[in-house]
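Letter by letter, the chains look like this.
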Amino acid sequence: MSEEIKKNNYSADSIQALEGMEHVRMRPSMYIGDVGVRGLHHLVYEVVDNSIDEAMGGHCDTIGVAINEDGSITVEDNGRGIPVDLHKKEGVSALEVVMTKIGAGGKFDKDSYKVSGGLHGVGVSVVNALSVHMKSTVFRDGKIYEQEYERGKSLYPVKQIGETDKRGTRQTFYPDNTIFTQTTEFSYDTLSARMRELSFLNKGITITFTDKREVDEKGEFKSEVFHSDEGLKEYIRYLDGNREPIISHVISMDHEKGEIPVEVALIYNTSYTENIFSYVNNINTHEGGTHLQGFRSGLTRTLKKYADASGMLDKLKFEIAGDDFREGLTAIISVKVAEPQFEGQTKTKLGNREVVSPVSQAVGEMLENYLEENPNDARIIIQKVILAAQARHAAKKAREMVQRKTVMGGGGLPGKLSDCSEQDPARCEVYLVEGDSAGGTAKQGRDRNFQAILPLRGKILNVEKAMHHKVFENEEIRNIFTALGVTVGTAEDSKALNLEKLRYHKVIIMCDADVDGSHISTLILTFFFRFMKELIEEGHVYIAAPPLYLVKKGNKKEYAWNDVQRDQANDRMGGSAAIQRYKGLGEMNAEQLWETTMDPNFRTLRQVTIDSLAEADRVFSMLMGDEVPPRREFIEKNAVYANIDA
Ligand code: 0RA
């Protein structure tokens with residue numbers, strides 16, 4: 001190749017690189033999903049992923065993540081350090097290529113074990129492009145190197161700034177508030193939950209997480225150290241900490257079958273819920289896929305074979321179905337796939353067919369060994385499966401009753417529902433209101449064109465502790481299904497949810513702003529989470545925020561949602577205003593309820609979102625389970641929805 005052509009290629013490439021970075025800034029959502037709270041936090045995961053990769057390759061064991069005093073993020077590892085030598089093709093340092101070229105991450109190291117971050121896996125240059133400022137520091141070969149960037153453009157060539165005996169990479173970035181217009185504030189809970197999850201998924205690594213924005217009474221930063229020697233086994237214990245196990249050990253295995261590393265851990269508990277979390281390259285695959293398929297087939301095949309051989313099924317009048325093997329099961333599957341194909345609506349469904357059989361085989365072997373070595377536990381599991389099969393038959397009958405009423409229109413809409421007149425579900429909303437009296441006020445106060453009201457009786461059933469058929473037999477719950485127009489169960493999947501006939505695109509939970517009210521909201525949310533998860537995932541569930549105070553003086557009146565607002569309102573009125581504390585929705589009249597909580601132009605709704613399914617599951621099992629002490633501690637420490645509400 002002549003010099004000339006080489007030069008042309010070089011400049012063409014660098015123009016492309018520039019365009020790449022510009023493209024990221026023009027279409028950030030294509031790279032990080034969205035530019036809201038979720039996308040913002042994704043920046044951190046992207047940077048941490050690189051350090052996790054370095055750790056997975058066996059080159060580092062400690063990762064530090066910090067929210068700095070000024071709100072920026074620093075991620076540091078003790079790996080080999082990103083190379084800083086000249087990248088021949090690009091004519092600049094390798095570090096600069098990694099930081100400023102889209103899709104360059106790690107490509108120059110063929111042996112690198114690059115599996116994490118498959119979903120977006122867009123590389124640290126994307127973070128750089130979406131940051132007003134970023135600084136990379138590399139500790140390598142006894143020297144410290146540094147380079148800074150502004151909105152993805154390097155400010156100077158990599159320079160040596162000193163000497164060191166450390167090794168590793170440090171990245172600090174400031175998210176661009178012209179891109180993340182909603183907020184650039186990081187959430188401690190969100191990041192902490194992800195770091196904990198990563199430490200379980202990558203055993204042996206130590207991840208320290210520090211929030212330097214505030215200090216406690218002792219003058220110390222809020223900080224946590226995550227480290228797991230047992231990986232998924234410990235993760236199961238953490239997730240099921242508030243459930244009662246029925247077998248003596250967590251069943252687990254960790255091995256590479258063929259080319260695909262598979263890790264699985266599971267336990268059976270006394271509950272009736274199936275809780276399987278699956279990961280590919282450290283990413284939670286909400287929609288499942290081939291690894292989940294492999295897990296299910298391995299579990300069903302092995303347990304069925306054991307149960308058949310045991311003779312325990314001989315007197316059973318029902319066929320056992322796949323579902324029956326998974327009642328009260330908590331399981332985690334984590335696979336590492338070199339070139340994952342992600343499918344599905346949210347691109348969180350693994351499509352690689354070659355994954356099915358290694359996972360199925362591995363799960364089969366693991367279970368077979370356990371059942372053989374623990375015959376008592378084996379009998380307990382099979383008994384649980386038999387009970388599940390019997391309950392399923394009862395549930396099916398109860399469900400068919402709901403079904404007939406909703407689909408066939410037999411029973412029509414629940415009598416307690418005050419429907420709206422608008423027909424287009426996208427414009428309709430329904431308020432689920434605690435108690436008949438508040439329901440009455442809401443009915444008077446609403447705009448009946450598009451707002452429907454469904455009053456709920458006191459405490460709704462705690463689905464966390466109830467068997468499935470009890471849930472479907474419960475009148476309040478049947479009313480919710482019927483009112484929403486949501487049905488359950490198809491020919492292929494007895495638990496599949498059908499949202500096609502959803503009658504309202506906003507489902508708003510409205511409860512008193514007190515402890516009882518938040519307990520009731522939590523019960524309703526638990527029901528949605530366990531039985532209508534897609535309703536939450538598709539963004540249809542909201543929580544209304546009624547005010548706590550009415551501040552009045554003369555003809556002036558203001559509402560307040562917290563003590564600070566109350567005091568400010570009082571100050572604005574020159575002090576000594578009359579302050580009414582609302583003890584519940586019932587103390588507001590229809591007009592007040594409309595003004596504060598129902599009028600779309602004034603109300604604040606909190607959309608319920610799920611950061612991490614695993615964390616949400618743990619929180620619900622804790623809030624609704626048997627163990628009172630952790631629940632009390634949690635409620636005292638957090639708002640009830642802290643971990644499920646963005
Ligand atoms: C490729 C090659 C080498 C190091 C890395 C990547 C590396 C990248 C990151 C990103 C965050 N922390 C990192 N640590 C290391 C070096 C290869 C060698 O030294 O032989």
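Each value, and the rule that gives it
- Residues numbered from 1 in each chain as written.
- Predicted model: local features only at pLDDT ≥ 70, side-chain atom pairs only at ≥ 80, totals over all residues.
- Heavy atoms only, no water.
- Helix = DSSP H or I, 4+ residues; strand = E, 2+ residues; numbered from the N terminus.
- Buried < 20%, exposed > 50% of the residue type's maximum accessible area, 1.4 Å probe, protein only.
- Contact = heavy atoms within 4.5 Å.
- Areas by Shrake-Rupley, 256 points an atom, 1.4 Å probe, with all protein chains shown as cover.
- UniProt positions renumbered as here; feature names shortened; annotations may be inferred.
- Pairing = 2+ DSSP bridges.
- Axes fitted to C-alpha atoms, helices over the stretch in contact; angles between N-to-C directions.
- Salt bridge = Lys/Arg side-chain N within 4 Å of Asp/Glu carboxyl O.
- Core = buried A, V, L, I, M, F, W, Y, C linked by side-chain atoms within 4.5 Å.
- Phe/Tyr/Trp six-rings, centres within 6.5 Å; stacked < 30°, edge-to-face > 60°.
- Lys NZ or Arg CZ within 6 Å of the ring centre and 35° of its normal.
- pLDDT = per-residue confidence, 0-100.
- Left-handed = near helix turned anticlockwise from the far one by under 90°.
- Nonpolar A, V, L, I, M, F, W, Y, C, P; charged D, E, K, R; others polar.
- Polar contact = N/O pair within 3.5 Å; in protein donor to acceptor, adjacent residues only side chain to side chain.

Colleague: Got a minute to help me understand the overall build of the protein chain in this structure?
Modeller: Within the protein chain one finds 19 helices and 28 strands. Residues counted as buried form 53% of the 646 residues belonging to the protein chain. Taking contacts inside the protein chain between residues at least 6 apart in sequence as the whole, the part at least 24 apart equals 69%. Summed over all atoms, the accessible surface of the protein chain reaches about 29,600 Å², with 48% contributed by carbon and sulfur.

Colleague: What am I meant to see in the UniProt feature "binding site: Mg(2+) 1" (unreviewed entry) in the protein chain here?
Modeller: Cross-referencing UniProt, the feature "binding site: Mg(2+) 1" (unreviewed entry) maps to Glu434 and Asp512 in the present numbering. With the annotated positions falling across 79 residues, the maximum pairwise C-alpha distance of 7.5 Å places them together in a single cluster. Topologically, Glu434 is positioned in strand S19 (residues 429-434). Not counting the four nearest positions on each side in its chain, Glu434 is found in contact with Leu456, Met510, Cys511, Asp512, Gly517 and Ile520. By the element assignment, Asp512 lies in the loop between strand S23 (506-510) and helix H14 (515-531). Residue classification places Asp512 among the buried residues on the basis of a relative accessible area of 19%. Leaving out residues up to four positions away in the same chain, Asp512 has contacts with Glu434, Gly517, Ser518, Lys583, Gly584 and Leu585.

Colleague: Just checking my understanding: could you explain the side chain of Thr302 for this structure?
Modeller: Structurally, the position occupied by Thr302 is in helix H8 (residues 290-310). Ignoring sequence-local partners within four residues, the contact set of Thr302 consists of Gly364, Leu367, Glu368 and Leu371.

Colleague: It is not clear to me how the sheet that holds S19 should be interpreted in this structure. Could you clarify?
Modeller: Each strand in a sheet pairs with another by means of backbone hydrogen bonds, the pair being arranged parallel or else antiparallel. Spatially, five strands are ordered S20-S19-S23-S24-S28 in an open sheet, and the strand pairing comes out mixed. One side of each edge strand has no neighbouring strand; the edge strands of this open sheet are strand S20 (451-456) and strand S28 (605-607). Across this sheet, the average inter-strand angle for adjacent strands is 30°, counted without regard to direction. Pairing analysis gives three bridges linking strand S24 (residues 541-544) to S28, with the strands arranged antiparallel. Across the sheet, Ile543 pairs through a bridge with Arg606, a residue of S28.

Colleague: Honestly, the sheet that holds strand S27 (residues 578-581) in this entry has me stumped. Any pointers?
Modeller: Taking strand neighbours across the sheet as the criterion, the three strands line up as S26-S25-S27 in an open arrangement whose pairing is antiparallel. The open sheet has two edge strands with one neighbour each: strand S26 (556-560) and S27. With strand direction ignored, the average angle separating the axes of adjacent strands in the sheet is 20°. For strand S25 (residues 549-553) and S27, the ladder comprises four bridges, and the chain directions are antiparallel. Note that in S27 the partner of Tyr549 across the bridge is Arg581.

Colleague: When you look at the pattern of salt bridges in this model, what are you seeing that I'm missing?
Modeller: Side chains that differ in charge, positive against negative, can pair when their charged atoms come close. On inspection of all chains with the given rule, the structure shows 36 salt bridges. When the shortest N-O distance is used, the salt bridge between Glu615 and Arg618 registers 3.3 Å. Taken together, the residues span about one helical turn, with Glu615 and Arg618 both in helix H18 (residues 613-624) at a distance of three residues. Arg618 shares its class with Glu615; the two are buried.

Colleague: What is the right way to read the nonpolar core from this model?
Modeller: One broad rule of soluble globular proteins: the nonpolar side chains tend to lie buried together. Of all hydrophobic cores here, the largest spans 103 residues; its most connected members are Phe295, Leu484, Phe527, Phe528 and Met532. Ranked by the residues each element gives to this core, the list is headed by H14, at eight residues. Residues within four places of Phe528 in sequence aside, it is in contact with Leu432, Ile480, Leu484, Val507, Ile509, Lys533, Leu535, Ile536 and Val541. Among the nonpolar cores identified, the runner-up in size contains 45 residues, and Leu130, Met134, Phe180 and Phe209 belong to it.

Colleague: Got a minute to help me understand the packing of aromatic side chains in this structure?
Modeller: Within a pair of aromatic rings, the relevant descriptors are the distance that separates the centres and the angle that separates the planes. Taken as a whole, this structure holds 12 aromatic pairs when the rule is applied. Between Phe200 and Tyr235 the ring centres are 4.8 Å apart and the planes differ by 10°, which places this aromatic pair in the stacked class. Of this pair, Phe200 sits in helix H6 (residues 188-201) while Tyr235 is found in helix H7 (residues 232-239), placing the two residues 35 residues apart along the sequence. Overall, the relative accessible area of 9% leaves Phe200 in the buried class. Ring centres of Phe472 and Phe531 lie 5.7 Å apart, and the angle between their planes is 85°; on these two criteria the pair is classed as edge-to-face. Within this pair, whereas Phe472 is found in helix H12 (residues 468-473), its partner Phe531 is found in helix H14, the two being separated by 59 residues in sequence. Of the residues examined, Phe472 reaches a relative accessible area of 2% and is grouped as buried. Connected via pairs of aromatic rings, a cluster forms that spans Phe472, Phe481, Phe527, Phe528 and Phe531. In this structure, Lys166 is placed above the aromatic ring of Phe139, and the distance from its NZ or CZ to the ring centre is 4.3 Å. The cationic tip of Lys533 hangs over the ring face of Phe529; the distance from NZ or CZ to the ring centre is 4.7 Å.

Colleague: I tried to follow the confidence of the model for the protein chain on my own but got confused; where do I start?
Modeller: Detail in the predicted coordinates should be disregarded across regions flagged by low pLDDT. Overall, the prediction assigns the protein chain a mean pLDDT of 88, with 88% of residues at 70 or greater. Across residues 105-120 the pLDDT falls below 50, and counting only partners more than four positions away or on other chains, this stretch makes 39 contacts in the model. Here residues 639-646 is modelled with pLDDT under 50, and outside its nearest four sequence neighbours on either side it reaches 27 contacts, counting other chains as well.

Colleague: Looking at this model, I keep getting lost on the packing of H8 against helix H9 (residues 356-373). Mind explaining?
Modeller: The angle between the axes and the distance between the axes are what describe a pair of packed helices. Contact geometry of H8 with H9 gives a least axis separation of 7 Å together with a crossing angle of 35°. Crossing of H8 against H9: the hand is right-handed. Within the contact of H8 with H9, the residues separate by chemical class into nine nonpolar, 10 polar and three charged.

Colleague: Is there a simple way to think about the side chain of Gln451 in this case?
Modeller: Within the fold, Gln451 resides in strand S20. Polar contacts involving the side chain of Gln451 include one to the main-chain amide nitrogen of Asp447, which spans 2.8 Å. When sequence neighbours within four positions are dropped, the list of residues in contact with Gln451 reads Ser418, Cys420, Glu429, Tyr431, Arg446, Trp594, Met598 and Arg603.

Colleague: Whenever I open this one, unusual backbone geometry confuses me. Can you help?
Modeller: Note: most residues except glycine have negative phi, and most peptide bonds are trans. The backbone of Arg151 sits at a positive phi, close to 45°, despite the residue not being glycine. Tracing the backbone through its elements, the reader meets Arg151 in the loop between strand S6 (143-150) and strand S7 (153-154). Here the phi dihedral of Asn282 falls at roughly 75°; this positive angle occurs in a residue that is not glycine. Tracing the backbone shows Asn282 in the loop between strand S14 (275-280) and strand S15 (283-284).

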